[in-house]
Amino acid sequence: MRIGIFGGTFDPIHNGHLLLAEQCREQAALDEVWLIPAGSPPHKETTGITAGKQRREMLEFAIAGNPSFVIQDLELHRDGPSYTVDTLQQLKESHPTNDFFLIIGADSVRDFHTWREPEAILEQAHLIGVNRPNISLPDLGNLTDKLGETVITKISWVTMPGIDLSSTDIRQRVRENKSVRYMTPRAVEVYIHNNRLYLD
Ligand SMILES: Nc1ncnc2c1ncn2[C@@H]1O[C@H](COP(=O)(O)OP(=O)(O)OP(=O)(O)O)[C@@H](O)[C@H]1O
Ligand SMILES: O=C(O)c1ccc[n+]([C@@H]2O[C@H](COP(=O)([O-])O)[C@@H](O)[C@H]2O)c1
């Protein structure tokens, strides 16, 4: 099977994430997209992040009824920073015949050379980069300097209609008592309100 691996903090998941995953599924002819909530995102300030259990529950509501999207919560059960290289290794061991495609937004592609063991990641997965509003498509100089020109052959691009949304925007809007309707699925919106998330 061709499996898309889409990791994120998802605090909360929003419609930009969902459209991105669906466009990758279609354009890269993936059988499934596995959404992987980060236990402890390596490059983010982790204090104040919503509990993994709640971020996972929001994911469940968001993808309910879509058999092509699957949540894999292995990073929530692992201690320490959630390095993608470790996640891919674990997934390769448990699903040795799958082909994995690591899906990341343009901001993450720009920083990819700073990730832990990018070379080992690219040995285990093909990389799919996706455009993101206000992020110019990165020149991959830093990556080719580090890994050589052949790295280019391991990266492909999916283009989606730009959705200028971030989880930060949504948290901010909730804090300011503004509407987040149509920015995230209705069930996620209700979950946020029922659980009083993002109010301080
Ligand atoms: N609107 C968007 N368009 C394209 N890619 C996106 C978009 N939002 C998030 N992504 C990508 O989704 C992945 C997970 O993102 P993440 O969960 O950190 O969301 P975020 O909206 O960037 O969150 P935050 O605002 O908290 O930093 C990253 O690879 C990121 O580049
Ligand atoms: O492995 C790394 O070094 C690494 C560095 C930064 C981000 N990541 C992963 O990239 C995904 C998106 O991260 P973030 O911080 O944008 O939510 C998430 O799955 C992180 O675990 C991974």
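Residues numbered from 1 in each chain as written. Chains lettered and ligands numbered in written order. Predicted model: local features only at pLDDT ≥ 70, side-chain atom pairs only at ≥ 80, totals over all residues.

**Q** Explanation requested: the site of ligand 1 in the structure shown.
**A** Contacts to ligand 1 come from 18 residues, most closely from Gly8, Gly16, Gly105, Ser166 and Thr168. Counting residues per element, the ones that place at least two in the shell around ligand 1 are helix H1 (15-27), strand E4 (99-105), helix H4 (106-111) and helix H7 (167-175). In terms of residue count, H1 provides more of the shell around ligand 1 than any other element does, 3 residues in total. Of the residues that constitute the shell around ligand 1, the class distribution is 6 nonpolar, 9 polar and 3 charged. (Near = placed C-beta within 6 Å. Helix = DSSP H or I, 4+ residues; strand = E, 2+ residues; numbered from the N terminus. Nonpolar A, V, L, I, M, F, W, Y, C, P; charged D, E, K, R; others polar.)

**Q** Quick question: what am I supposed to make of unusual backbone geometry here?
**A** Leave glycine aside and you will find that most residues have negative phi; peptide bonds, for their part, are mostly trans. Following Asp11, the chain continues into Pro12 via a peptide bond in cis, with omega recorded as 0°. Following the sequence through the fold, Pro12 ends up in the loop between strand E1 (2-8) and H1. Located in the positive-phi region is Glu117, a residue other than glycine, with phi close to 50°. Following the sequence through the fold, Glu117 ends up in the loop between H4 and helix H5 (118-124). Its identity is not glycine, yet Arg196 carries a phi of approximately 50°, on the positive side. Relative to the elements of secondary structure, Arg196 occurs in the segment after helix H8 (186-194). For Arg196, a count of 9 C-beta atoms within 10 Å corresponds to the exposed category. (Buried ≥ 20, exposed ≤ 12 C-beta atoms within 10 Å, placed from the backbone.)

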